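Chain by chain, the residues run as shown.
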Amino acid sequence: MFPGHRNRTQIFQVSTLYGAATLAAALDAGLFGEHEGTRRILLVSQNAAVPETALRLDEMHGYTPITRRFDSVISWNEAIRPHHPSTWGPRGDDATLWQRAFRLAWDIDPRERVEIAVESIQVNPGRALAAIFSESAVHVYADGLMSYGPTRERLPLSIGARIQRLLHLDLVPGLRPLLLSEFDVEPEIVPDEAFRAVLDEIAVDAADDPRLTPVREEAPTAVLLGQYLAAINILEPAEEEELHVRMLTSAARAGHRTVVFKPHPTAPPSYSAALSKAAADAGVRLTVLDAPLLAETLYHHCRPELVVGCFSTAMVTASAYYDVPVGRVGTALVMERLKPFQNSNRVPLAIVDHVVPDLEDGRAAALVGAAPASLSPLVRALGFCMQPALHEQAREPVEAWLREHLAALPGHCFPEPRLAELGLPGAGQQARAKLRARRARRVVRKAVRRDSGR
């Protein structure tokens, strides 16, 4: 039976604890209005390739305190079973039927107003929800540094016109997100104090985990952040191992002798003896903390003096919320390997590459402050090169900026083939010739296929 006293239902879709913490902070700050008269549903999606074998959100420390802000918790995986959340979406003619089905299953009155908040509107499940609840206002919240990059692909006007705002953390003060800017969606900052309070709440929830005991006892002075670059085919597994070894070597070179390695929570278990051997060779005491908790929870409990990573958002939160100096390793290698050029990791990589010191160059770790004046035009130029069709009005200022600044930038930022493809300054004759030859071969192949089909 449908309750008669509600004004609306808000559906909050999450797939990561970090994203759930961002939403919790937004709710605590009053960014979604009063709770009274509103039903709040937390819709949990497990987007791993094999959800049944992946770490579930409800297994992570801090999940239960966060859920208390909501009136009910629903599994999106169960709702659409046997389909996968990343691949399933309604066929156009079926969207209305799916909305009726979900309203019935989730006790939402057919006349009741629904709002949805999703973490990534470009892909499922966020896009599927926006299509199903086709009259609903849409709020997008950003899970980390991805908000500063362009929208991954062109969205239908039927979705883009309904997006009310982009909620994001102010991880790099002064840098304005590009995400959804083609629809003139206004970014709205989730207050730092609200987010830090949620992080503290999560850390308290993890305090009794016995896996934190050795970390507290050994008091590591440096934290190494693993990522999942091999799992998403950016690096080979051996290269990712070597990247972690380089992180450890950099920390040891900076004088740290007690180090903890924190694997990425969604990375598959692939720890090998390589990191342990490197630690022994460097005279470093190494702890691998493979526990279901955020890196920020680790910072809270061990108070490190250094955080080392490649381009993890947790590097920036270490600086922004815990005043821990950070250093980077391997950004150039990863930037060169990103395929295609439109890969959404490119802008987060470029930001870290630009504002975080490279420890392998002998530079000292540092805090990340406000965005330097050089960062915004760099991000704008990258955004144009990644998605030129979405930011056509930026071509002339990007061309002018490249003419003036390209020579001073590392080669991995704007590779010549991409500049040649877009007809931008900086592409040499050789790159342009290769592009013309590739296009000519493509025309010939199409002609051959057309003739052979007659």
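Going by the structure above, here's the rest.
Notes on the structure in this doc start here. (Residues numbered from 1 in each chain as written. Predicted model: local features only at pLDDT ≥ 70, side-chain atom pairs only at ≥ 80, totals over all residues. Heavy atoms only, no water.)

**Thoughts on the overall build of the protein**
Put simply, the test is: By the criteria applied, helices consist of DSSP H or I runs no shorter than four residues and strands consist of E runs no shorter than two, each listed in order from the N terminus. The rule is simple: take the accessible area with a 1.4 Å probe, protein chains only, and divide by the maximum for that residue type; under 20% is buried, over 50% is exposed, in between is partly exposed. Residues count as neighbours in contact if any of their non-hydrogen atoms are within 4.5 Å of one another.
Summing up its helical and strand segments, the protein has 18 helices and 12 strands in all. Taking the principal axes of its C-alpha atoms as reference, the protein extends roughly 75 × 65 × 45 Å. Buried residues in the protein amount to 54% of all 454 residues. Restricting the contact set of the protein to residue pairs at least 6 apart, pairs at least 24 apart contribute 72%.

**Looking at the pairing of strand β3 (residues 72–75)**
What counts, and what does not: The pairing criterion for strands is at least two bridges between them, as found by DSSP.
On β3, burial follows the alternation: Ser72 and Ile74 on one face are buried, whereas Val73 and Ser75 on the facing-out side are not. Direction of pairing for strand β2 (residues 38–44) relative to β3: parallel, over a ladder of 4 bridges. Bridging from a neighbouring strand, Ile41 pairs with Ser72 of β3.

**Considerations on the nonpolar core**
Selection rule: To qualify as a nonpolar core, a set must consist of buried Ala, Val, Leu, Ile, Met, Phe, Trp, Tyr and Cys residues joined through side-chain atoms within 4.5 Å.
Core analysis: the largest hydrophobic core is formed by 116 residues, its most contacted members being Ile66, Leu171, Val172, Tyr299, Ile351, Leu375 and Phe414. For this core, the element with the highest residue contribution is helix α1 (residues 17–28), accounting for 9 residues. Of all hydrophobic cores here, the second largest spans 29 residues; its members include Ile11, Ala142, Leu179 and Leu180.

**A short note on the sheet that holds strand β11 (residues 306–309)**
Using the following cut-off: Each axis is a line fitted through C-alpha atoms, taken for helices only over the stretch in contact, and angles between the N-to-C directions span 0 to 180 degrees.
In space, the 5 strands of this open sheet follow the order β10-β9-β8-β11-β12, with parallel pairing throughout. If you trace the sheet from one side to the other, it starts and ends with β10 (285–288) and β12 (326–328), each paired once. Sheet twist, expressed as the mean angle between neighbouring strand axes with direction ignored, is 20°. Pairing between strand β8 (residues 222–225) and β11: 3 bridges, direction parallel. Looking at β11, one finds that Leu224 is bridged to Val308. Relative to the sheet, helix α9 (residues 237–253) contacts β8, β9 (258–262), β10 and β11, its axis offset from that of β8 by approximately 165°. The strands touched by helix α12 (residues 313–322) are β8, β11 and β12; relative to β12, the strand with the most contacts, the crossing angle is about 155°.

**Thoughts on the sheet that holds strand β4 (residues 113–118)**
Overall, parallel pairing links the 7 strands, which are arranged β3-β2-β1-β4-β5-β6-β7 in an open sheet. Two strands close off the open sheet at either side, each with one partner strand: β3 and β7 (187–190). Here the strands of the sheet are splayed against their neighbours by 25° on average, with no regard to which way each runs. Here strand β6 (residues 163–169) pairs with β7 via 4 bridges, running parallel. Looking at β7, one finds that His168 is bridged to Ile189.

**Describing the packing of α1 against helix α7 (residues 192–205)**
The following threshold applies: Put simply, angles under 35 degrees are roughly parallel, angles over 145 are roughly antiparallel, angles from 65 to 115 are roughly perpendicular, and the rest are oblique. Left-handed describes a crossing whose near helix is turned anticlockwise from the far helix by less than a right angle; the clockwise case is right-handed. Each residue gets one of three labels, nonpolar for Ala, Val, Leu, Ile, Met, Phe, Trp, Tyr, Cys and Pro, charged for Asp, Glu, Lys and Arg, and polar for the others, Gly among them.
Look at α1 against α7: their axes get within 8 Å of each other, and the N-to-C directions meet at 125°. As judged from the angle between their axes, α1 and α7 are oblique. As for the relative orientation of α1 and α7, their crossing is right-handed in sense. Residues Leu17, Tyr18, Ala21, Thr22, Ala24, Ala25 and Asp28 of α1 form the contact with α7, whose own contacting residues are Ala194, Phe195, Val198 and Ile202. Within the contact of α1 with α7, the residues separate by chemical class into 9 nonpolar, 1 polar and 1 charged.

**So, the pattern of salt bridges**
Put simply, the rule is: In what follows, salt bridge is the name for a side-chain nitrogen of Lys or Arg lying within 4 Å of a carboxyl oxygen of Asp or Glu.
The full count for this structure, using the stated rule, is 22 salt bridges. Salt-bridge contacts for Asp109 lead to Arg111; the nearest nitrogen and oxygen are separated by 3.1 Å. The exposure class of Asp109 is buried, given its relative accessible area of 9%. Residue Arg111 is classed as exposed on the basis of its relative accessible area, which comes to 74%. Through salt bridges with shared partners, a single network forms among Arg8, Arg113 and Glu115.

**Examining helix α16 (residues 395–405)**
The criterion, for reference: Read the arc as the range of directions from the helix axis to the C-beta atoms.
Among the residues of α16, those classed as buried are Val398, Glu399, Trp401 and Leu402. Around the axis of α16, the buried residues are gathered within 165° of arc, so they sit on the same side. Facing away from the buried surface of α16 by more than 90 degrees, the exposed residues are Glu396, Arg403 and Glu404. On the buried face of α16, the contacting elements are α15 (375–386) and α17 (416–422).

**Concerning the packing of aromatic side chains**
The following threshold applies: Whether two aromatic rings pair depends on their centres lying within 6.5 Å, for rings of Phe, Tyr and Trp, where Trp uses its six-membered ring; planes under 30 degrees apart make the pair stacked, over 60 edge-to-face, and the rest tilted. Charge-over-ring placement is defined geometrically: NZ (Lys) or CZ (Arg) within 6 Å of the ring centre, and within 35 degrees of the ring normal.
In total, this model carries 12 aromatic pairs according to the counting rule given. Grouped by ring-pair contacts, the aromatic residues Trp76, Trp88, Trp98, Phe102 and Trp106 constitute a single cluster. Seen from the ring of Phe341, Arg346 lies directly overhead, with NZ or CZ sitting 4.0 Å from the centre.

**A look at the environment of Met60**
Looking at the element boundaries, Met60 is found in the loop between β2 and α2 (63–67). For the pair Met60 and Leu306, spaced 246 residues apart in sequence, the C-alpha to C-alpha distance is 24 Å.

**Overview of the environment of Cys385**
Structurally, the position occupied by Cys385 is in helix α15. Between the alpha carbons of Cys385 and Pro210 there is a distance of 48 Å; along the sequence they are 175 residues apart. For Cys385, the contacting residues outside a window of four places in its chain are Phe341, Phe414, Arg418, Leu422 and Leu424.

**Here we look at helix α4 (residues 95–105)**
Among the residues of α4, those classed as buried are Ala95, Gln99, Phe102 and Arg103. Along α4, the residues classed as buried sweep out an arc of 100° about the axis, all on the same side. Exposed side of α4, more than 90 degrees from the buried face: Leu97, Arg100, Leu104 and Ala105 are the residues found there. For α4, the secondary structure elements touched by its buried residues are α3 (76–80), β4 and α5 (126–132).

By themselves, these figures tell us nothing about what the structure is for.
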